[in-house]
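Remarks on the overall topology
Below, each chain spelled out in residue letters.
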Amino acid sequence: MTPSPSGQPLILRSWERSRMCGLDRGDRLTLPYQADFEASGRFLRAAEPVMDRLAEWLPGCGTSAVLTDAAGQLLLIRCDDDELSRRMEAGQSAPGFVWSEEFSGTNAVGIALEERIATWTTGNDHYLEVLRDLACAAVPIVNPLTQRLEGAVDLTTLLHRASPLMMPMAMQAAKAIEDRLVELGSAAERCLLEAFMSATKRPGRSVVVLSDRAEFSSAAASKLLGADDRALLGQRAEDLGEGAERRPVEVPLSNGEVAVARFEQIRLAGRRIGTLVQLTIPASSSRRSPGTVVTGRFGGPKEFGFLGRSPAAKHVNQRIQEVGASTFPLVIDGEAGVGKFTVAKLIARRTGKPVVFDVSNTPSVNEANLLRELGDVLSAGSRCVIVKGIGDRSEEFNSHLATLAETAENHASRVIATLTSGSAARVAKAAGFGVRLTVPSLRERPEDILDLAPALISRRGARVRIAPPVLHALMRYEWPGNVRELDSVLSAMLNRSRGSEITLSDLPAHYQRGSRRLRRIEHIERSAIIQAITEAGGNKTQAAELLEIGRATLYRKMKAYKLDPDLLGG
């Protein structure tokens, strides 16, 4: 460790870490640059007077003051020293350039933003050659009202002019900006902060304040909760609704423990603006049983299966275990994009690498050729064949496929088919084909997003965190395109994100708004309606009788749940 002028130990990165960022000591400096960048209006309003005050103190010191946003992009520079100004311009230190550690290796601003600590770097502490004659003191700026990292203030001078006063001056400037952020905050944000401060008067309490505007966590809660835990608490607070103050609720945490949470609404002028959550871990709390998916720091799954922590996901994993060791024909159904093919591969991997036939887009005139090819593959001794998209095929094709599957079973081979359901007509085409395993839609298991989102990002090779407000917004959305749509949105967010954390600014507005999510009892009712219509072969009168409700009531509920129009016909 290297001491700063104030005597505080500061973390410096190794050359190897900089190489991980794709940098080489001999590289020519080329930093990202955006001429027409946008910064938070409130942040600039809070920071500009402080930066102007710094500018009044700096003449004759040979020192510049720099303000960056949370991604390391330079927003403001105050410097009246001609020599230093020329030196900084030559080194791409101008508004619009990005000085995050990802692009420039070890430097004061990059470390301050990444680690959220005051950082002092001089000479050879810097990774890039162009910074070797500079001394820099950088301090992160965290909004006290929202706990969000807003940016950093940095004081830079030529190495031979370095002063021990630079660090305390930078720290004082950062504190002044944070104080102004509180002054400029809304009444709701101040109300949330006051509620949090009141609840944490006694040290050691695990307290969280959740709101669309801000989020606060006590030290004890920060140690206990991960980002996915905060998002799950936010969803539970929404589900409880009005009049649920202080009702104890058991919440499974990502570390394997089960916490007891008590929720209390925070109101301003009679309007609910947030929720205060108090957490306790009972002495009897036990770790989850083996097999539950647990995510690491960057969300990478440590155990693989059908990802999710919801009862629905656990049921699917249980069914995978039940049917996996057999060879009887199996049809996996569910809406488009729910992960039917993933489930099929999880089951098939017990018998080796499967042969895959996608029959969803094949013209009807070629069905006979498809059946012939399937028969040849099974005759050649393939242990498992996955046939995708049988809902698009004729009943005659599926009948012949069922016969092939029965013959294959007698020879220790297996046929697994996938069916995109949602209409009675499609389901009827697969009647009589094997055992059925249904994959639930994503809207029926929103808590599974806490495992799916980090895993999908990790699969793309990205090492970024997902901010709790983003996870909460994703859980509120209905996801008509299911996991496939979620994956597409996450990919777009990765392309938009510039830092090590995905924030709400990276999430398209359409997905931030969300929609009313069905309660668990409503999901059960919706699933029961689909099941009844399927069993009745699309006959609504019979389906209503199975459900013991009137035909008109059935129509009304189907429209309310936005079921597939095909289900309404016949």
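The structure we're discussing is the one just above.
Reading the values: rules and limits
All residue numbers refer to position in the chain's written sequence, counted from 1. It should be noted that, the model being predicted, local features are given only for residues of pLDDT at least 70 and side-chain atom pairs only at 80 or more, the latter also being counted only at that level, while totals for whole chains, interfaces and linings use all residues. Excluding hydrogens and water, the side-chain values take into account all heavy atoms of the structure. Counting from the N terminus, the helices are the DSSP runs of H or I reaching at least four residues and the strands are the DSSP runs of E reaching at least two. Note on classification: 1.4 Å probe, protein chains only; a residue is buried when its accessible area is under 20% of the maximum for its type, exposed when over 50%, partly exposed between these limits. It only takes one pair of heavy atoms within 4.5 Å for two residues to be counted as in contact. In short, Shrake-Rupley with a 1.4 Å probe defines the accessible areas, and a residue's cover is counted only from the protein chains shown. This arc corresponds to the set of directions leading from the helix axis out to the C-beta atoms. Two N or O atoms count as a polar contact when they lie within 3.5 Å, although within protein this holds only if one can serve as hydrogen donor and the other as acceptor, and sequence-adjacent residues are included solely when both atoms are side-chain atoms. Think of it this way: DSSP has to see at least two bridges between two strands before they count as a pair. Orient the strands so they point away from the viewer, and a crossover whose first-strand-to-second-strand path over the helix runs clockwise is right-handed. Angular values range over 0 to 180 degrees, each being the angle between N-to-C directions of two axes fitted as lines to C-alpha atoms, with helices fitted over their stretch in contact. By convention in these notes, a salt bridge is any Lys or Arg side-chain nitrogen within 4 Å of a carboxyl oxygen on Asp or Glu. Throughout this description, any angle smaller than 35 degrees is read as roughly parallel, any larger than 145 degrees as roughly antiparallel, any in the 65 to 115 degree range as roughly perpendicular, and the remainder as oblique. Each residue is assigned to one of three groups, with Ala, Val, Leu, Ile, Met, Phe, Trp, Tyr, Cys and Pro labelled nonpolar, Asp, Glu, Lys and Arg labelled charged, and all others, Gly among them, labelled polar.

1. Here's the deal with the overall build of the protein chain
Counting its secondary structure elements, the protein chain contains 22 helices and 19 strands. Counting every position in the protein chain, which comprises 570 residues, the buried fraction comes to 50%. Contacts in the protein chain between residues at least 24 apart in sequence constitute 65% of all its contacts with a sequence separation of at least 6. Surface exposure of the protein chain reaches about 26600 Å², of which carbon and sulfur atoms provide 51%.

2. Some thoughts on helix α20 (residues 540-547)
Taken together, the buried positions of α20 are K540, A543 and A544. Along α20, the residues classed as buried sweep out an arc of 100 degrees about the axis, all on the same side. Looking at where α20 begins, the residue whose side-chain oxygen comes 3.0 Å from the main-chain nitrogen of T541 is N539. Of the residues one or two after α20, E548 is the one with positive phi, at around 60 degrees.

3. Looking at the pairing of strand β15 (residues 384-388)
Counting buried residues along β15, 4 of its 5 residues qualify, which places the element largely inside the surrounding structure. By the bridge criterion, 4 bridges tie strand β14 (residues 355-358) to β15 in an arrangement that is parallel. Following the sheet pairing, V356 is matched in β15 by I386. Alignment of β15 against strand β16 (residues 414-420), held across 5 bridges, turns out to be parallel. Its bridge partner being in β16, I386 is matched across the sheet by I416. At this point the chain moves from β15, through helix α13 (residues 395-410), to the parallel β16, and the crossover so formed is right-handed.

4. Side note on the sheet that holds strand β9 (residues 215-217)
Strands sit in the order β9-β8-β12-β11-β10 across an open sheet of 5 strands; the sheet is antiparallel. Looking at the sheet topology across the chains shown, the edges are occupied by β9 and β10 (248-252). Strand-to-strand, the axes of this sheet are offset by a mean angle of 25 degrees, without reference to chain direction. With 5 bridges connecting them, strand β8 (residues 206-210) and strand β12 (residues 271-280) associate as antiparallel partners. Along β12, the bridge assignment pairs S206 with L279.

5. Considering the sheet that holds strand β13 (residues 330-334)
Spatially, β14-β15-β16-β13-β17 is the arrangement adopted by the 5 strands of the open sheet, whose pairing is parallel. Each edge of the sheet is formed by a strand with only one pairing partner; in this case those strands are β14 and β17 (435-438). Looking at each pair of strands side by side, their axes are set apart by 20 degrees on average, direction ignored. In this fold helix α11 (residues 340-348) packs onto β13, β14, β15, β16 and β17, with an angle of close to 165 degrees to the strand it touches most, β16.

6. Things to note about the pattern of salt bridges
When charged atoms on two side chains of opposite charge get close, those side chains can pair. Scanning all chains against the criterion turns up 13 salt bridges. Among the salt bridges present, the one from D52 reaches R78, with a minimum N-O distance of 3.0 Å. Linking D52 in helix α2 (residues 41-57) with R78 in strand β4 (residues 74-78), this pair joins segments that are 26 residues apart in sequence. Classification of D52 by relative accessible area gives partly exposed; the value is 37%.

7. A closer look at helix α16 (residues 468-476)
Counting buried positions over the 9 residues of α16 gives 8, a clear majority of the element. When α16 is considered as a whole, its buried residues turn out to be P468, V470, L471, H472, A473, L474, M475 and R476.

8. Details of the packing of α20 against helix α21 (residues 551-560)
With their axes 9 Å apart at the nearest point, α20 and α21 run at an angle of 95 degrees to one another. On the basis of their axis angle, the class for α20 and α21 is roughly perpendicular. When α20 is examined against α21, the residues K540, T541, A543, A544 and L547 are found in contact with a partner set consisting of R551, L554 and Y555. Grouping the constituent residues of the contact of α20 with α21 by class yields 5 nonpolar, 1 polar and 2 charged.

9. Quick notes on the packing of helix α12 (residues 367-379) against α13
Contact geometry for α12 and α13: axes closest at 11 Å, N-to-C directions at 5 degrees. In this view, α12 runs roughly parallel relative to α13, as classed from their interaxial angle. Contact residues: E367, L370, L371, L374, G375 and L378 in α12; F397, H400, L401, L404 and A408 in α13. Counted by class, the contact of α12 with α13 contains 8 nonpolar, 2 polar and 1 charged residues.

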